[in-house]
Amino acid sequence: MTLRRCIAFGPTAAGILAAAAVLAPAWPGAVAGAAAALPDVLSQVSGRRAYEHVLALSQRIGPHVAGTPEDRTSGEYIARRLTDDGYVVEWQEFQFPFFAVRAVALTVPASPSVALHPHAMLYSPSTADGGITAELADAGIGRPEDIRGAPLAGKIALIQRGSILFREKAKNAADAGAVAVLIYNSTPGDLFGVVSRDTGIPVVALSGAEGLQLLDLAHSGPVRVHLNVQTETGQRATWNIIGTKPGTRDPHRVLVVGAHRDTVEGAPGANDNTSGVATALEVAEVLRRAPLALTVRFTFFGAEESGLYGSDYYVQHMGPDPVVGMVNLDMEGVGDRLELAWDRGSDALVRSAARIADRLGIPVTMQRSPGSDHQSFERAGVPVVFLFRPDDPYYDTPKDTVDRVEPRLLEVSARLATAIVLEVAGARR
Ligand SMILES: [Zn+2]
């Protein structure tokens, strides 16, 4: 996550909120009486019940990467829950560029004690079966002026992060005849990245520490490395699972409540993002019988981790009915801090949500934050609010397990999300 600007909600903030409430009237479309419905619906929100979904999706199904059999199984679970609650369920199918790493290894045959932990960059092609061995060549940070000075033909280019994009570095090296590229971080820590699907040569990422180790070896005389990368790429089908609750008074205006349902490879995804899926299912559960003026679509996006493909597809196929807002639920189960975020669009829904949180006594901070499905909606001019708990050091890793997700946190996020839906989509008695 980049670009952090924080407005903490202390006493002075209450002043700001009061001002905001005066300046920015209650959410357009809110129907009188919404507040009246709050108590009984909100008191039904259960973190324990939501947590059952986390156990079912993250523990019983396990990692469910987009485009894999587990992806369909998790979709079936969600669709069954929504159908049981009386929602009209749709499987919105779309194709996306699937990528999986089957093997990656990097060794220095002449120095077997050098232990390296490479990560294949997203969409990197494979080496030949069994891998390739070639001389290592220092290519600076991979700009044309760096490459011109380094004879790369038939060699493996060692390039530092910085200044230009990973895919540009890889292309420059490939154009100079390199057979593969190792990109190392400009800080000691680990590195992950994306290259374009037409890079042509294998590209792996290394931590800054391991990159400098190799740089020393390369500067102390010719050194050969062995690189094996086996990846799988190709178009695959996946789905957005959509549960629709038709509006009673204004059915052609739509509020989207969204959560991505896929995990990354090898990660059980308890917090990222079965916690968000569970929270959205709990909101759907408590609102299943509440009459709402506007139509609400509970949408469980596919292929978010591969590049927001599900939400992008949804936005491209939204149809004529205006979407008045989008509530995004991603990482709700770990860490007490709760952020209300948006990225580049309007912050009107964020400010409304902050006012509601204040009314419910839920401490929140407002934050600009990219990196999840709300971005696809913002690009289409839809106001968004992204409910996000930022303090999870283990998301997208094998350590993202169910024991770390707290039902009490799911309950708070679900209560706030429910109140936002009631405010925006309106309750009618
Ligand atoms: Zn996520």
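What you are looking at is a predicted structure, and each value in this text was computed from that prediction instead of being measured.

**Quick look at the coordination of the zinc ion**
Taken together, H260 (NE2), D272 (OD), D330 (OD) and D330 (OD) make up the protein donors of the zinc ion, found 1.9 to 2.7 Å from the metal. In this structure, the zinc ion is surrounded by 4 donor atoms whose angles at the metal cover 51 to 142 degrees, and the resulting shape is irregular. Mapped onto the sequence, the residues coordinating the zinc ion show the spacing H-x11-D-x57-D. With a gap of 58 residues between them, D272 in helix α8 (residues 270–286) and D330 in the loop between β11 (323–329) and β12 (339–342) connect regions that are remote in the sequence. For the pair D272 and D330, one class covers both residues: buried.

**Examining the side chain of N328**
Among the secondary structure elements, N328 is positioned in strand β11. Using a relative accessible area of 0% as the deciding quantity, one classes N328 as buried. At 3.2 Å, the side chain of N328 and the side chain of H374 are in polar contact. Other than its neighbours up to four places away in sequence, N328 contacts G258, A259, S372, D373, H374, V385, F386 and L387.

**A look at the packing of helix α3 (residues 47–61) against α8**
Helix packing geometry: the angle between the two helix axes and the distance between the axes. One way to put it is that α3 packs onto α8 with a least axis distance of 8 Å and a crossing angle of 135 degrees. Judged by the inter-axis angle, α3 sits oblique to α8. Once α3 is placed against α8, the crossing between them reads as right-handed. Residue-level inspection shows R49, A50, H53, V54, L57 and S58 of α3 in contact with α8, the latter providing A270, T274, S275, V277, A278, L281, E282, E285 and V286. Considered class by class, the residues forming the contact of α3 with α8 number 8 nonpolar, 4 polar and 3 charged.

**Focus: the domain arrangement of the protein chain**
We note that the domain assignment places domain 1 (7–97 + 235–425) and domain 2 (111–222) within the protein chain. For domain 1 and domain 2, the distance between their C-alpha centroids amounts to 39 Å.

**Examining the pattern of salt bridges**
Counting across every chain of the model gives 25 salt bridges. A salt bridge links D71 to R261; the shortest N-O distance between them is 2.9 Å. Of this pair, D71 sits in helix α4 (residues 69–84) while R261 sits in the loop between β9 (250–260) and α8; the two residues are 190 residues apart in sequence, bridging distant segments of the chain. Close ionic contact of R236 with E232 constitutes a salt bridge, the shortest N to O distance being 2.7 Å. Residue classification places E232 among the partly exposed positions, given a relative accessible area of 30%. Within this structure, R49, E282, E285 and R288 form a network of salt bridges that share partners.

**Side note on the confidence of the model for the protein chain**
Per-residue pLDDT for the protein chain averages 90, and the proportion of residues at 70 or more is 90%. In the model, residues 2–34 has pLDDT below 50 throughout and makes 55 contacts with residues more than four positions away in sequence or in other chains.

**A closer look at the environment of L165**
Along the chain, L165 turns up in the loop between β5 (156–160) and α6 (166–175). You can call L165 partly exposed: its relative accessible area is 46%. Linking L165 and V195, residues 30 residues apart in sequence, is a C-alpha distance of 8.5 Å.

**Focus: the UniProt feature "domain: Peptidase M28" (unreviewed entry) in the protein chain**
With numbering aligned to this structure, UniProt lists the feature "domain: Peptidase M28" (unreviewed entry) at residues 240–419. Summarising residues 240–419: 32% helix, 25% strand, and an end-to-end C-alpha distance of 24 Å.

**So, the environment of E76**
Along the chain, the position of E76 falls in helix α4. The class for E76 is partly exposed, based on a relative accessible area of 33%. With 165 residues separating them along the chain, E76 and I241 place their C-alpha atoms 8.8 Å apart.

**Considering α3**
Here α3 is 15 residues long and its end C-alpha atoms lie 20 Å apart, about the 21 Å a rise of 1.5 Å per residue gives. The largest bend in α3 amounts to roughly 25 degrees and is located at L55. Buried residues in α3 make contact with α4, α8 and α12 (407–425). At the N-terminal boundary of α3, the capping side chain belongs to S46, with an oxygen 3.3 Å from the backbone nitrogen of R48. One or two positions beyond α3, positive phi appears at G62, with a value near 85 degrees.

Cut-offs used in this document
- Position labels on residues start from 1 in each chain and follow its written sequence.
- Where local features are concerned, this predicted model is filtered to residues with pLDDT of at least 70; where side-chain atom pairs are given and counted, the filter is 80 or more; whole-chain, interface and lining totals use all residues.
- Values shown for side chains rest on all heavy atoms present in the structure; no hydrogens or waters enter the calculation.
- A 2.8 Å cut-off from the metal defines N, O and S donors, relaxed to 3.2 Å for Na, K and Ca; water is not in the atom list, so some sites may appear incomplete.
- For four-coordinate sites, all angles between 85 and 135 degrees define a tetrahedron; for four- and six-coordinate sites, opposite donors beyond 155 degrees with the remaining angles between 65 and 115 define square planar and octahedral shapes respectively, and all other cases count as irregular.
- Numbered from the N terminus, helices here are DSSP runs of H or I no shorter than four residues, and strands are runs of E no shorter than two.
- Residue burial is assigned from relative accessible area. The probe radius is 1.4 Å, only protein chains are included, and a residue is buried under 20% of its type maximum, exposed over 50%, and partly exposed in between.
- Any N or O atom pair separated by 3.5 Å or less is treated as a polar contact, with the protein-specific requirement of one donor-capable and one acceptor-capable atom, and with residues adjacent in sequence counted only for side-chain atom pairs.
- The criterion used for residue contact is that any of the two residues' heavy atoms lie within 4.5 Å.
- Fitted lines through C-alpha atoms give the axes, limited to the stretch in contact for helices. The angle between two N-to-C directions lies from 0 to 180 degrees.
- What sets the label is the angle itself: under 35 degrees gives roughly parallel, over 145 gives roughly antiparallel, 65 to 115 gives roughly perpendicular, and the rest give oblique.
- For any pair of crossing helices, the crossing counts as left-handed if the nearer helix is rotated counterclockwise from the farther one by less than a right angle, and right-handed if it is rotated clockwise.
- Throughout this entry, Asp, Glu, Lys and Arg are counted as charged residues, while Ala, Val, Leu, Ile, Met, Phe, Trp, Tyr, Cys and Pro are counted as nonpolar. The remaining residues, Gly among them, count as polar.
- Residue ranges assigned to the domains are those given by an automatic or database domain assignment.
- A carboxyl oxygen of Asp or Glu within 4 Å of a side-chain nitrogen of Lys or Arg is what we treat as a salt bridge.
- The predictor attaches a confidence to each residue, and that confidence, scored 0 to 100, is pLDDT.
- UniProt positions are given in the numbering used here, feature names are shortened, and annotations may be inferred rather than shown by experiment.
- Multiplying one less than the number of residues by 1.5 Å gives the expected span of a helix.
- The angle separating two fitted axes, one through the seven residues that finish at a residue and one through the seven that start at it, defines the bend at that residue.

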